[in-house]
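Survey of secondary and tertiary structure
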Amino acid sequence: MSAWLKGWSQSTDGPTPVPGAVTDPNLTISVSSLTYHHTPDSTPSLSNIELHLPAGSRTIIVGANGAGKSTLLQILAGKRLVKGADIRIKGRDVFRDSPPGVTFLGTEWAMNPVVRSDIVVSNFLDSVGGYRHKERRDRLLDILDVDLDWHMHAISDGERRRVQLCMGLMAPWDVLLLDEVTVDLDVLVRDELLTFLQQDSIARSATILYATHIFDGLNAFPTHVAHMRFGSFVTEPTSWPMGPSDVLQPMSLYNTALQWLKDDREHRRELEKQGRKARGARKNETVPSDSETFYKKYDYSH
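Residues numbered from 1 in each chain as written. Predicted model: local features only at pLDDT ≥ 70, side-chain atom pairs only at ≥ 80, totals over all residues. Heavy atoms only, no water.

**Structural notes on unusual backbone geometry**
The linkage connecting Trp240 with the following residue, Pro241, adopts the cis geometry, with an omega of 0°. For Pro241, the location among the structural elements is in the loop between strand 10 (232–239) and helix 7 (253–273). Here the phi dihedral of Ser33 falls at roughly 55°; this positive angle occurs in a residue that is not glycine. Within the secondary structure layout, Ser33 lies in strand 1 (residues 27–36). (Helix = DSSP H or I, 4+ residues; strand = E, 2+ residues; numbered from the N terminus.)

Below, the structure is given as structure tokens:
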């Protein structure tokens, strides 16, 4: 880890998180005191989350699998009910007074049997109001390289993802919540889509919160980055780039994310030494498990 990044993560002298409070009219997303359990007796999936994002910001959330990124986005989208927290978008409670102009796009959409049925893409887009947004729809069709004569049941996951993005983005949005929806896209389409989203955010002062594990080509995209670990923010949304850089060696989001994830693994392994359940191979296991004993009896491969 570079010296400046170490100093920033361990002291208060480094970059300052986005300021604000729930009542700040300049904030598009405001979350205070958010703790969430998937089941009442389980360990919290999210713990004491504070999130304050201004209009026009584009925030990348970095975190290992299971860090709580998807859960946070689903709560912001109003898909999971939470008590005891103040969660507002555009000043309105996401559960009791759902704000308009919020779009959530997640990976589960492409697995829905309805969108895998034998329906022509042009008919599908018209059925969800594409005719009302022809200019944006047509621009997205070109960016995403979608064939209007495709049949939804006969295309690849990546092509189906392109249709999802066209459907979700053709109506102008004020807040866009993206949960790793570019994973199926080829690098050219992904790059052109991110360019479109960045330009759209700037032109309309629209806000993007994007959880991803793909950081190549993202350096110029975010205004802020955040780091989640075990359901909490290790680094609240912080202006990007965060530290010194120069023309020859600009700061790399990929390298920053890689270092954060290495730190996460080291932190988890330290907890495992203190009694947390360990992952990986059971190196101290000397007695065969019941399943090993059972299957070994019927192993005829030798």
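**Points about the pattern of salt bridges**
Applying the stated criterion to the full structure yields 15 salt bridges. Taking the shortest distance from any N to any O, the salt bridge between Asp97 and Arg92 comes out at 3.0 Å. Through salt bridges with shared partners, a single ionic network connects Arg116, Asp157 and Arg160. (Salt bridge = Lys/Arg side-chain N within 4 Å of Asp/Glu carboxyl O.)

**With respect to the layout of surface pockets**
Within this model, the largest pocket holds a volume of roughly 550 Å³. If you go around the largest pocket, you meet 21 residues; those closest to its centre are Asn65, Gly66, Ala67, Phe230 and Arg279. Every element with two or more residues in the lining of the largest pocket is listed here: helix 2 (69–76), strand 9 (224–229) and helix 7. Considering each element in turn, the lining of the largest pocket owes the most residues, four residues, to helix 7. Taken together, the residues that form the lining of the largest pocket break down as six nonpolar, eight polar and seven charged. (1 Å grid on protein atoms, 1.4 Å probe; cavity = no way out; pocket = protein on both sides within 12 Å on 5 of 7 lines; lining within 4 Å. Points joined across faces, edges and corners; volume = space filled by probe spheres on them. Nonpolar A, V, L, I, M, F, W, Y, C, P; charged D, E, K, R; others polar.)

**Describing the environment of His151**
As for its position among the elements, His151 is in the loop between helix 4 (134–143) and helix 5 (157–169). Sequence-wise, His151 and Ser122 are 29 residues apart; in three dimensions their C-alpha atoms are separated by 9.1 Å. At 2.7 Å, the side chain of His151 and the side chain of Asp118 are in polar contact. (Polar contact = N/O pair within 3.5 Å; in protein donor to acceptor, adjacent residues only side chain to side chain.)

**Things to note about the sheet that holds strand 1**
Strands sit in the order 2-1-4-5 across an open sheet of four strands; the sheet is antiparallel. Edge strands, defined here as strands with exactly one partner in the open sheet, are strand 2 (46–54) and strand 5 (92–93). In terms of strand pairing, strand 4 (residues 86–89) meets strand 5 through two bridges, oriented antiparallel. By the bridge assignment, Ile89 is partnered in strand 5 with Arg92. (Pairing = 2+ DSSP bridges.)

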